[in-house]
Amino acid sequence: MSRLFRAVIMGPPGSGKGTISERIARGFGLQHLSSGDFLRENIASNTEAGVLAKTYIEKGLLVPDHVMTRLLLPRLEEMTCHSWLLDGFPRTLAQAEALNSSCELDLVISLNIPLETLKERLSHRWIHQASGRVYNMCFNPPRVQGVDDITGEPLIQQDDDKPEALVARLRHYKDVAKPVIDVYKAKGILHTFSDTDTDRIWPYISSLLSAKIPTDIADAQRASTH
Ligand SMILES: Nc1ncnc2c1ncn2[C@@H]1O[C@H](COP(=O)(O)OP(=O)(O)OP(=O)(O)O)[C@@H](O)[C@H]1O
Ligand SMILES: Nc1nc2c(ncn2[C@@H]2O[C@H](COP(=O)(O)OP(=O)(O)O)[C@@H](O)[C@H]2O)c(=O)[nH]1
């Protein structure tokens, strides 16, 4: 079995992690695991971790590290036969250390997007909560206004996407993400991208992944996901 590829994408709320992760999953066959989506699945199915996580998320707080690692690491154990892309985890140094003790990462993508751009994007973000599919009235609108392209179910706007909530979330993101970014920079696997437009960043990310992911892995993954 060819060696598998392990990657993480990091960035503040609205930086384009979900948008770019979807393109990477489609183009390179990596399995995309979003910590936010996984938490919402656990909340929707009323698991013990989901019930606990909900009490923090409702207050706009990060879920405690031990709850996150206890939830994510077993999930990653189930994905050992796949190359994967983690989105939204690790978010803190403790989570990064827990992840680093269980597997070796090949690449970390960090998105560094200006605050004004984040505010603008999030004010137009609509999501289909059940699937985590992301839309934007300016950038990628749904075919029918207000409903999900696949299920036809209504789209919602998240409360903490409002501008007044964003500044606090962004400051908190920067505080907790900096030590994580420093760890991956020291490991020589961090690649940072800064621009106001995802479509301008995408070609660079795509050529980086084409160079880093051995073709036999990418071909095998694409074959296994189709
Ligand atoms: N790795 C994590 N550690 C702790 N809490 C997390 C983690 N990932 C997600 N959460 C919790 O789940 C919530 C929803 O996560 P999600 O990634 O969907 O949205 P976000 O991080 O708030 O914003 P965005 O997706 O725009 O970056 C977060 O606000 C946070 O409370
Ligand atoms: N206008 C614009 N919107 C974008 C761009 N890239 C992503 N978006 C939208 O901005 C919002 C945030 O993107 P998302 O992928 O959810 O970011 P995440 O919070 O980091 O996962 C979503 O509504 C996206 O559709 C872009 O280049 N321009």
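Structure first, text after, so check above.
Here the residue index of a chain counts from 1 through its sequence in written order. To label them, take the chains in the order written and letter them from A, then take the ligands in the order written and number them from 1. pLDDT decides what is reported in this predicted model: residues at 70 or higher carry local features, side-chain atom pairs at 80 or more are listed and counted, and totals for whole chains, interfaces and linings draw on all residues regardless. Hydrogens and water molecules were not included; the side-chain quantities draw on all heavy atoms of the structure.

A look at the overall build of the chain
The helix count covers DSSP runs of H or I at least four residues long, the strand count covers runs of E at least two residues long, and both are numbered beginning at the N terminus. In terms of regular secondary structure, the chain is built from nine helices and seven strands. Taking the principal axes of the C-alpha coordinates as reference, the chain spans close to 45 × 35 × 35 Å. Three labels apply to residues, based on accessible area from a 1.4 Å probe with only protein chains included: buried if under 20% of the type maximum, exposed if over 50%, partly exposed otherwise in between. Going through the 226 residues of the chain one by one, you find that 43% of them count as buried. Note on contacts: a residue pair is in contact if any heavy atoms of the two residues lie within 4.5 Å. Across the chain, every contact between residues at least 6 apart in sequence was considered, and the portion connecting residues at least 24 apart equals 74%. Methods summary: accessible areas were calculated by the Shrake-Rupley approach with a probe of 1.4 Å, and residue burial reflects only the protein chains presented. Put simply, the chain shows about 11,600 Å² of open surface, and 55% of that area lies on carbon and sulfur atoms. His is not counted, nor are the chain ends; Lys and Arg add positive charge and Asp and Glu add negative charge. One atom stands in for each charge, and that atom is NZ of Lys, CZ of Arg, CG of Asp or CD of Glu. Separation of charge centres in the chain, based on 26 positive and 28 negative side chains, amounts to 3 Å.

Side note on the nonpolar core
We call a set of buried residues a nonpolar core when its members are Ala, Val, Leu, Ile, Met, Phe, Trp, Tyr or Cys and they connect through side-chain atoms within 4.5 Å of each other. Among the nonpolar cores identified, the biggest contains 29 residues, and Met 10, Leu 86, Leu 99 and Tyr 184 are the most heavily contacted of them. Counting only elements with at least two residues in this core, the list comes to β1 (6–10), α2 (35–44), α3 (48–57), α4 (65–77), β3 (84–87), α5 (93–102) and α7 (163–186). In this structure Leu 99 touches Val 8, Leu 73, Leu 76, Trp 84, Leu 86, Phe 89, Pro 90, Leu 105 and Tyr 184, once residues within four positions along its chain are discounted. Of all hydrophobic cores here, the second largest spans 23 residues; its members include Leu 170, Phe 193, Ile 205 and Ile 213.

Brief notes about the site of ligand 1
To be near a molecule or strand, a residue needs just one of its heavy atoms within 4 Å of it. Of all residues adjacent to ligand 1, which total 18 residues, the nearest are Lys 17, Leu 61, Arg 91, Arg 125 and Arg 169. The separation between an oxygen atom of ligand 1 and a polar side-chain atom of Arg 40 is 2.9 Å. Definition of a polar contact: a pair of N or O atoms within 3.5 Å, with one able to donate and the other able to accept a hydrogen when the atoms are protein atoms, and with sequence-neighbouring residues admitted only if both atoms are side-chain atoms. Within the contact set of ligand 1, a nitrogen atom lies 2.9 Å away from a side-chain nitrogen or oxygen of Gln 95. When isolated, ligand 1 has an accessible area of 580 Å², and the protein chains bury 90% of it. Among the elements that make up the shell around ligand 1, the one with the highest residue count is α2 (four residues). Taken together, the residues of the shell around ligand 1 sort by class into eight nonpolar, five polar and five charged. Put simply, Ala, Val, Leu, Ile, Met, Phe, Trp, Tyr, Cys and Pro go in the nonpolar bin, Asp, Glu, Lys and Arg in the charged bin, and everything else, Gly too, in the polar bin.

Digging into the site of ligand 2
Taken together, 17 residues form the shell around ligand 2, and within it Lys 17, Thr 19, Arg 125, Tyr 135 and Thr 198 come nearest. Within the side chain of Thr 19, one N or O atom sits 2.7 Å away from an oxygen atom of ligand 2. Relative to its free-state accessible area of 580 Å², ligand 2 is covered by the protein chains to the extent of 91%. Elements supplying a minimum of two residues to the shell around ligand 2: α1 (17–28) and β6 (133–136). Tallied by class, the residues present in the shell around ligand 2 amount to five nonpolar, eight polar and four charged.

Overview of unusual backbone geometry
For the peptide bond that leads from Phe 89 to Pro 90, omega is 0 degrees, which places it in the cis range. When you line up the elements, Pro 90 lands in the loop between β3 and α5. A positive phi angle is found at Asn 46, which is not glycine, with a value near 55 degrees. Positionally, Asn 46 belongs in the loop between α2 and α3. Given a relative accessible area of 60%, Asn 46 falls into the exposed group.

Considerations on the side chain of Ser 35
Relative to the assigned elements, Ser 35 resides in helix α2. Here Gly 88 takes part through its backbone oxygen, which lies 2.9 Å from a polar atom of the side chain of Ser 35. For Ser 35, the residues in contact, after removing those within four places along its chain, are Met 68, Asp 87, Gly 88, Phe 89 and Arg 91.

Keep in mind these values describe shape, not function.
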